[in-house]
Amino acid sequence: ICFCTGETTGKGSADKKQLEGWTGVSEEEVKAALLRRALGFETDEIVEEYGFNEGEAVLMKRKVTKKTVPPDIQAAKILMEEQKPLRTLTDEQLQEEKERLLRLLKSREEEN
């Protein structure tokens, strides 16, 4: 007798805090997840087979597969609708946005 479990880990996985519900999840975390979904990402998909030996579940086989999640146009639309047009921003707001985007680019470069 064996049974299989499938889970996703790595960059594409939900952490324990996210699984507990929306309590404590910031707006920035939601926007980051939406951006990630809009751009697409890679993740590891893990499938484990368990068998029973003397009444205990024993890991028999584990398969790790790289999985590519394609960009999601609906997530991109939501992000685009959320943004203010640049022409409506003040000079200070434009400077803040520029700095935010530069930090985002730098963090993405460091990840790769």
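Preceding this section is the structure that the text describes.
These numbers come from a predicted model, not from an experiment.

A. Main features of the overall build of the protein. Within the protein, the regular secondary structure consists of four helices and three strands. Its helices and strands taken in sequence order, the protein reads β-α-α-β-β-α-α from the N to the C terminus. Within the protein, buried positions represent 10% of all 112 residues. Of the contacts made within the protein by residues no fewer than 6 positions apart, 65% connect residues no fewer than 24 positions apart. Of the roughly 9,500 Å² that the protein leaves accessible, carbon and sulfur atoms contribute 54%.

B. Geometry of the packing of aromatic side chains. Using the criterion set out here, one finds zero aromatic pairs in the structure. The residue whose ring lies beneath Arg36 is Phe41, and the NZ or CZ to ring-centre distance is 3.7 Å.

C. Representation of the pattern of salt bridges within the structure. All told, the structure shown has seven salt bridges when counted by the stated rule. One salt bridge connects Glu49 with Lys61, and the closest N-O pair in it is separated by 3.7 Å. With a gap of 12 residues between them, Glu49 in strand 2 (residues 41–53) and Lys61 in strand 3 (residues 56–69) connect regions that are remote in the sequence. Taking relative accessible area as the criterion, Glu49 reaches 24% and is therefore assigned partly exposed.

D. Layout of the side chain of Glu48. With respect to the secondary-structure elements, Glu48 resides in strand 2. Owing to a relative accessible area of 9%, Glu48 belongs among the buried residues under this scheme. Here Tyr50 takes part through its side chain, which lies 2.7 Å from a polar atom of the side chain of Glu48.

E. Spatial organisation of the layout of surface pockets. Considered as a void within the structure, the largest pocket measures approximately 920 Å³ in volume. Lining of the largest pocket is provided by 21 residues; of these, Lys31, Gln83, Glu97, Arg100 and Leu101 occupy positions nearest its centre. Residue assignment for the lining of the largest pocket shows that the elements contributing at least two residues are helix 2 (27–39), helix 3 (73–82) and helix 4 (91–111). Here the lining of the largest pocket is built from residues that sort into 11 nonpolar, two polar and eight charged.

F. Quick peek at the pairing of strand 2. Examined bridge by bridge, strand 2 and strand 3 share 13 bridges and lie antiparallel to one another. Residue pairing in the sheet places Tyr50 in a bridge with Leu59 of strand 3. Here strand 2 hands over to strand 3 after two residues, with Glu54 in that stretch at a positive phi of 55°.

Rules behind the numbers
Residues numbered from 1 in each chain as written. Predicted model: local features only at pLDDT ≥ 70, side-chain atom pairs only at ≥ 80, totals over all residues. Heavy atoms only, no water. Helix = DSSP H or I, 4+ residues; strand = E, 2+ residues; numbered from the N terminus. Buried < 20%, exposed > 50% of the residue type's maximum accessible area, 1.4 Å probe, protein only. Contact = heavy atoms within 4.5 Å. Areas by Shrake-Rupley, 256 points an atom, 1.4 Å probe, with all protein chains shown as cover. Phe/Tyr/Trp six-rings, centres within 6.5 Å; stacked < 30°, edge-to-face > 60°. Lys NZ or Arg CZ within 6 Å of the ring centre and 35° of its normal. Salt bridge = Lys/Arg side-chain N within 4 Å of Asp/Glu carboxyl O. Polar contact = N/O pair within 3.5 Å; in protein donor to acceptor, adjacent residues only side chain to side chain. 1 Å grid on protein atoms, 1.4 Å probe; cavity = no way out; pocket = protein on both sides within 12 Å on 5 of 7 lines; lining within 4 Å. Points joined across faces, edges and corners; volume = space filled by probe spheres on them. Nonpolar A, V, L, I, M, F, W, Y, C, P; charged D, E, K, R; others polar. Pairing = 2+ DSSP bridges.

Fair warning: the whole summary comes from geometry, so function is off the table for now.
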